[in-house]
Protein chains: 2
Amino acid sequence: MARYSPSVQNLISRLGALPGIGGKSAQRLAFHILSMPDEDATALVESITEARRLTVRCSCCQNFTDSNPCPICSDPTRDKSVVCVVESPRDVAALERMHEYKGLYHVLHGVYNPISGKGISDIALPQLFDRLSANAEIKEVIMATNQSVEGNATALYVSRLLAPSGIKVTRIASGLPMGADIEYADDLTLANALKGRVNISS
Amino acid sequence: MARYSPSVQNLISRLGALPGIGGKSAQRLAFHILSMPDEDATALVESITEARRLTVRCSCCQNFTDSNPCPICSDPTRDKSVVCVVESPRDVAALERMHEYKGLYHVLHGVYNPISGKGISDIALPQLFDRLSANAEIKEVIMATNQSVEGNATALYVSRLLAPSGIKVTRIASGLPMGADIEYADDLTLANALKGRVNISS
């Protein structure tokens with residue numbers, strides 16, 4: 001005898017296929033969804049379909065938006081000479097929270113990772129190169145991909161490809177985060193912090 | 001400026017309202033859902049609506065089922081003299097996994113918890129009492145609610161209410177789980193293990 005009815009089992013496996021949701025969480029979520037009042041369940045389903053219906057990729061920066069171009073790309077006060085390249089829309093949100101950066105963004109929706117089948121054209125790199133050749137005012141590309149093997153490879157790939165163009169390519173600093181103890185830092189972080197040391201002599 | 005568009009923000013807050021899903025997970029899930037292929041998104045939405053459409057509470061044991069009465073209640077080989085009372089359908093699944101228990105179940109869908117507004121009639125206790133008075137063959141009620149203050153209170157409540165009826169009410173044992181070290185056990189568990197000690201002298 002199946003542990004749950006087929007429709008419940010199907011709901012559990014669909015929820016379990018979402019990132020970060022294991023078997024136990026999927027069961028817990030499924031029974032929560034089954035116990036929800038009708039209006040909450042309808043609102044949940046509609047939030048999914050509506051967000052998908054209304055959301056498009058910005059034709060300029062590829063970020064998710066409901067107006068094209070997105071509010072950042074169409075903001076006349078932003079500095080159009082700098083483009084910060086990130087992996088995901090959540091990275092844009094994190095950088096915007098800081099209220100320091102006034103340039104534009106480009107969202108790759110992934111990183112170059114040939115092992116897991118993510119090639120150059122599977123992420124928004126072709127769109128980046130098209131954008132750079134169409135917009136001569138862009139002087140600097142900041143590679144703000146994650147500090148991972150793939151994030152670094154993507155940054156390196158872009159810097160090599162843009163070398164002849166004269167566009168400056170920079171990489172966000174790698175080092176010890178604020179509040180970190182040198183004693184507990186991992187070797188790679190410590191090596192990067194040493195290699196990237198800056199002059200503070202006055 | 002809002003960090004995300006209204007429809008995405010709505011999706012994030014709907015996902016964040018689910019149990020065990022915090023702010024960061026909700027964002028991660030939302031962008032995963034936005035990036036899904038159309039067929040996967042449709043399948044997810046349909047799994048929710050279908051599971052809710054097909055699933056009813058068994059009129060006998062109150063467990064979620066797509067056939068009423070549920071497969072366990074309508075199984076002629078089960079022992080109809082014992083009813084095991086649990087908090088959730090997941091508890092039934094856990095007990096069934098054991099392949100030891102051959103009696104019936106009763107799912108409360110919660111525990112008696114007046115502080116959080118869960119009264120006697122907010123959980124399936126009235127249905128339990130109706131069921132017990134309608135089925136004279138039930139001789140024992142096993143209270144398998146969780147080992148929590150609320151789980152114990154619910155078990156006590158049922159045992160007091162059934163005292164005049166002559167139905168035996170038992171409580172699952174509380175003690176040290178298999179593999180546990182006495183050294184690391186908490187005081188309450190250790191106290192329960194001592195109090196519930198069984199005679200092994202031959």
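Residues numbered from 1 in each chain as written. Chains lettered and ligands numbered in written order. Predicted model: local features only at pLDDT ≥ 70, side-chain atom pairs only at ≥ 80, totals over all residues. Heavy atoms only, no water.

## Considering the overall build of chain A
Regarding its fold elements, chain A presents seven helices and six strands. Listed by position from the N terminus, the elements making up chain A come as α-α-α-β-β-β-α-β-α-β-α-β-α. Principal-axis analysis of the C-alpha atoms places the extent of chain A at approximately 70 × 45 × 35 Å. When each of the 202 residues of chain A is scored for burial, the buried share is 41%. Within chain A, counting contacts between residues at least 6 apart in sequence, those at least 24 apart form 48% of the total. (Helix = DSSP H or I, 4+ residues; strand = E, 2+ residues; numbered from the N terminus. Buried < 20%, exposed > 50% of the residue type's maximum accessible area, 1.4 Å probe, protein only. Contact = heavy atoms within 4.5 Å.)

## A look at the side chain of A:Asn113
Inspection of the secondary structure assignment puts A:Asn113 in the loop between β4 (103-107) and α5 (125-134). A:Asn113 has contacts with A:Lys118 and A:Glu150, leaving out every residue within four places of it along the chain.

## Details of the nonpolar core
Ranked by size, the top nonpolar core spans 42 residues in total, and within it A:Leu15, A:Leu18, B:Leu15, B:Leu18 and B:Ile33 carry the most contacts. Of all the secondary-structure elements, those providing two or more residues to this core are α1 (6-16), α2 (23-35) and α3 (38-54) of chain A together with α1 (6-16), α2 (23-35) and α3 (38-54) of chain B. (Core = buried A, V, L, I, M, F, W, Y, C linked by side-chain atoms within 4.5 Å.)

## So, helix α6 (residues 149-162) of chain B
Residues and elements named next belong to chain B. For α6, spanning 14 residues, the distance from its first C-alpha to its last is 20 Å, which sits close to the expected 20 Å at 1.5 Å a residue. Of all the residues in α6, the buried ones are Gly 151, Thr 154, Ala 155, Val 158 and Leu 162. Buried residues of α6, viewed axially, fall in a sector of 100°; they line one side. Turned more than 90 degrees off the buried face of α6, the exposed positions are Val 149 and Arg 160. (Expected span 1.5 Å × (residues − 1). Arc of directions from axis to C-beta.)

## Observations regarding the interface of chain A and chain B
In this complex, chain A contributes 49 residues to the contact, which on the side of chain B involves 50 residues. Between chain A and chain B, a total of about 4400 Å² is buried, with carbon and sulfur atoms accounting for 70% of that surface. Considering only the side of chain A, the residues that lose the most area to chain B are A:Ile48, A:Arg52 and A:Arg90, jointly responsible for 15% of the buried surface there. Between the two partners, chain A and chain B, sit two salt bridges. A salt bridge links B:Asp38 to A:Arg52; the nearest nitrogen and oxygen atoms lie 2.7 Å apart. Here chain A is connected to chain B by six residue pairs in polar contact (both at pLDDT 80 or more). For the side of chain A that touches chain B, the secondary structure elements donating two or more residues are α1, α2, α3 and α4 (89-97) of chain A. (Buried area = accessible area lost by both parts, 1.4 Å probe. Salt bridge = Lys/Arg side-chain N within 4 Å of Asp/Glu carboxyl O. Polar contact = N/O pair within 3.5 Å; in protein donor to acceptor, adjacent residues only side chain to side chain.)

## Re the relation of the copies chain A and chain B
Placing chain A over chain B gives an RMSD of 0.1 Å and needs a rotation angle of 180°, together with 0.0 Å of translation along the axis. These values place the two chain copies in the arrangement generated by a two-fold rotation axis. Judged by C-alpha distance, A:Val45 is the residue of chain A that lies nearest the rotation axis, at 3.0 Å. The residues that chain A uses at the interface reappear at the interface of chain B in 100% of cases, marking a shared surface. (Least-squares fit on C-alpha atoms with pLDDT ≥ 70 in both.)

## Description of the domain arrangement of chain A
Domains assigned within chain A are domain 1 (6-54) and domain 2 (64-171). Using C-alpha coordinates to define each centre, domain 1 of chain A is positioned 33 Å away from domain 2 of chain A. (Domains from an automatic or database assignment.)

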